[in-house]
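Below are the chains, spelled out letter by letter.
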Amino acid sequence: MLLMMMSSEYVMKLGEGHAHVVPVTVVFVAVLCLCLVIGHFLRENRWVNESITAILIGCLAGTIILFISKGKSSHILRFDEEVFFIYLLPPIIFNAGFQVKKKQFFHNFFTIMLFGVVGVFISTTIISAGTMWLFPKFGFVGLTTRDYLGIGTIFSSTDTVCTLQVLHQDETPLLYSLVFGEGVVNDATSVVLFNTVQKLDVNRLHGRQAVHILWDFLYLFSTSTALGVSAGLLTAYILKGLYFGRHCTVREIALMVLMAYLSYMLAELLNLSGILTVFFCGIFMSHYAWHNTTESSKITTRYVFATMSFIAETFIFLYVGMDALDIEKWKLSKLRVWTLLVICTILIFLILLGRAAFVFPLSVLSNYANRNASRSSTVTLKHQVIIWWAGLMRGAVSIALAFKEFTHSGVTWDPVNATMVTTTVIVVLFSTISMMQVFGLLTKPLVSCLLPPHDAKIGDLSREPTISKEDMRLPLLSFEESAATNVQRAKDSLSMLLERPVHTIHHYWRRFDDAYMRPIFGGRRSNNSSS
């Protein structure tokens, strides 16, 4: 009898939950469709893109709900950072890796990793130290050392989507590759560093602790990348060996989707970085597995992955617009409007300063590494100004990390935490909407002024790497040649590596890829493989 009563109560709760979830889902999906329709009409507008459209519609929907609920709530759904990291972020990052132009990405890999990894450390340090010093001076107290370090990682995460809609891959391939590559690696690094900070014992900060942070970061970065590469190669090997397309192309697509998501969830299960894992999984699936599928699957996969990413991005920005009107957090935040504006101004200033502190010095280091490479991808001062300018916006990852740091499942009753969430939303909205208007007005003229069309085209094309037949010899030992020949080949390879490190590694990898990787995992051979 007791079991029957418990079962009936459980069924009633399920019924109540179903009755609440269905109408909420219907409304939210309808608003998503409205975003798509309005975004279609505004697709040619240089001032408004899909992100801004979703944010503005979210603000409008939040206002309507606020009136209907008589000022109690502005939400259709309550934000849950776990939902963001488990369901919304994976398709966005995977599609970024799958669609990336691999030739440009890996040719500029050293520079991208400098900006996306080392740059995050520099930016985090400046933002954390700056907020720790300036916030108390303006009456904002109550944050712990871990909170300040978290703030540094939160606001070091960039959102380059809006800027990439202004830059064109064909006109400025070098700039596009650097901005796009840095954006993805930057997000992954920010999340990895954020998770490392959460494990930090802030009561015992010393030199050994800094080394421990660096070691944890390198471990997470390398193992997460290795897991993503392994998942991509395994998928390619299965598709090449079993040739699913002979029976059903749907299985090919399903396998790629599920293996990508499995790699992400496995990384999260092992406390690694799912973002890095799924990004490199996307790159290697595109490089190998995609070429093992049928023609129909090749077309379908690109559109399926892009569609999933687009819907997830729209969902996120739609929620950000609604959260801007979260009346509960505004009431909890006891700071005066003037103080809140000062805090936002401090954060924006530190973002500007932190980005400048790594873009210009690291560009010099990148140029030094490419100093002897013929037609190398030199990052000129004009490029550096545009790269600095292009990474000033903050987006969905910053929002999610702020919720993870300062709320529990989207809820907080602490005034200080509520203030930080509200501040993060304001900075994201300001940088996305206001700066997008500035970007729309100034970025194209800035690119045209600093990089005239003729110079941009010649500059980027002239930097396409070339290498002689003699240099293209595979730097591996051969059993068919004498020991003296192998020793001389090793010396020549080492000399090239020291003189032109990035250039040499890039081209030797291409030869190794053609000779060993593609025959096993599939893929298209490079044009000069036969050289």
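Residues numbered from 1 in each chain as written. Predicted model: local features only at pLDDT ≥ 70, side-chain atom pairs only at ≥ 80, totals over all residues. Heavy atoms only, no water.

**Student:** Provide a residue-level description of the overall build of the chain, including the pertinent values.
**Tutor:** Across its full length, the chain carries 20 helices and zero strands. Residues classed as buried in the chain amount to 52% of the 531 residues present. Within the chain, residue pairs in contact and separated by at least 24 positions form 82% of the contacts whose partners lie at least 6 positions apart. When the accessible surface of the chain is split by element, carbon and sulfur atoms take 68% of a total near 25500 Å². (Helix = DSSP H or I, 4+ residues; strand = E, 2+ residues; numbered from the N terminus. Buried < 20%, exposed > 50% of the residue type's maximum accessible area, 1.4 Å probe, protein only. Contact = heavy atoms within 4.5 Å. Areas by Shrake-Rupley, 256 points an atom, 1.4 Å probe, with all protein chains shown as cover.)

**Student:** Now, about a nonpolar patch on the surface: what can you tell me, with residues and values included?
**Tutor:** On the surface, a cluster of nonpolar side chains totalling about 240 Å² of accessible area is made up of Leu-36, Phe-310 and Ile-311. Along the chain, Phe-310 turns up in helix α12 (residues 295–323). (Patch = residues over 30% accessible without salt bridge, like charges linked within 9 Å, V, L, I, M, F, W, Y side chains within 5 Å. Salt bridge = Lys/Arg side-chain N within 4 Å of Asp/Glu carboxyl O.)

**Student:** Break down the side chain of Thr-196 for me, citing the residues and quoting the values.
**Tutor:** Positionally, Thr-196 belongs in helix α8 (residues 173–198). Among the polar contacts made by the side chain of Thr-196, one reaches the main-chain carbonyl oxygen of Val-192 at a distance of 2.8 Å. (Polar contact = N/O pair within 3.5 Å; in protein donor to acceptor, adjacent residues only side chain to side chain.)

**Student:** Explain the pattern of salt bridges residue by residue, including any values.
**Tutor:** Across all of its chains, the model carries two salt bridges by this definition. With a closest N to O distance of 2.8 Å, Glu-182 and Arg-355 form a salt bridge. Of this pair, Glu-182 sits in helix α8 while Arg-355 sits in helix α14 (residues 337–369); the two residues are 173 residues apart in sequence, bridging distant segments of the chain. The class for Glu-182 is buried, based on a relative accessible area of 1%.

**Student:** So, the packing of helix α5 (residues 109–134) against α14: which residues are in play, and what are the values?
**Tutor:** Axis separation between α5 and α14 bottoms out at 8 Å; the angle between their running directions is 145°. The element α5 and its partner α14 pack so that their crossing is right-handed. When its residues are assigned to classes, the contact of α5 with α14 shows 19 nonpolar, eight polar and no charged. (Axes fitted to C-alpha atoms, helices over the stretch in contact; angles between N-to-C directions. Left-handed = near helix turned anticlockwise from the far one by under 90°. Nonpolar A, V, L, I, M, F, W, Y, C, P; charged D, E, K, R; others polar.)

**Student:** Go over the packing of aromatic side chains, please, and point to the residues and values.
**Tutor:** What characterises a pair of aromatic rings is the spacing of the ring centres plus the angle enclosed by the ring planes. Applying the stated criterion to the full structure yields 18 aromatic pairs. Centre to centre, the rings of Phe-284 and Tyr-288 are 5.9 Å apart; their planes meet at 35°, and the pair counts as tilted. Neither Phe-284 nor Tyr-288 differs from the other in exposure class; each is buried. Taken together, the ring pairs in this structure connect Phe-105, Phe-109, Phe-279 and Phe-280 into an aromatic cluster. Over the face of the ring belonging to Trp-290 we find Lys-298, whose NZ or CZ atom lies 5.4 Å from the ring centre. (Phe/Tyr/Trp six-rings, centres within 6.5 Å; stacked < 30°, edge-to-face > 60°. Lys NZ or Arg CZ within 6 Å of the ring centre and 35° of its normal.)

**Student:** Tell me about the packing of α8 against helix α16 (residues 396–406), and name the residues and values.
**Tutor:** In contact at an axis separation of 11 Å, α8 and α16 are set at 10° when each is read in the N-to-C sense. By the angle between their directions, the pair α8 and α16 is classed as roughly parallel. Taken together, the residues of α16 that come into contact with α8 (itself represented by Asp-187, Ser-190, Val-191, Phe-194, Asn-195 and Gln-198) are Val-397, Leu-401, Lys-404 and Glu-405. Among the residues making up the contact of α8 with α16, the classes are represented as four nonpolar, three polar and three charged. (Parallel < 35°, antiparallel > 145°, perpendicular 65-115°, else oblique.)

**Student:** Now, about the side chain of Thr-419: what can you tell me, with residues and values included?
**Tutor:** By the element assignment, Thr-419 lies in helix α17 (residues 415–450). Non-local contacts of Thr-419, meaning those with residues more than four positions away in its chain, are made with Phe-140, Ser-333, Leu-335 and Leu-340.

**Student:** Any chance you could break down the nonpolar core for me, citing the residues and the numbers?
**Tutor:** Residues Phe-84, Phe-135, Leu-143, Ile-151, Phe-155 and Met-285 are the most contacted members of the largest nonpolar core, which totals 114 residues. Counting residues per element, this core draws most heavily on α8, which supplies twelve residues. Once residues lying within four places of it in the same chain are set aside, the contact partners of Ile-151 are Ile-127, Thr-131, Phe-135, Leu-143, Leu-347, Phe-406 and Met-420. (Core = buried A, V, L, I, M, F, W, Y, C linked by side-chain atoms within 4.5 Å.)

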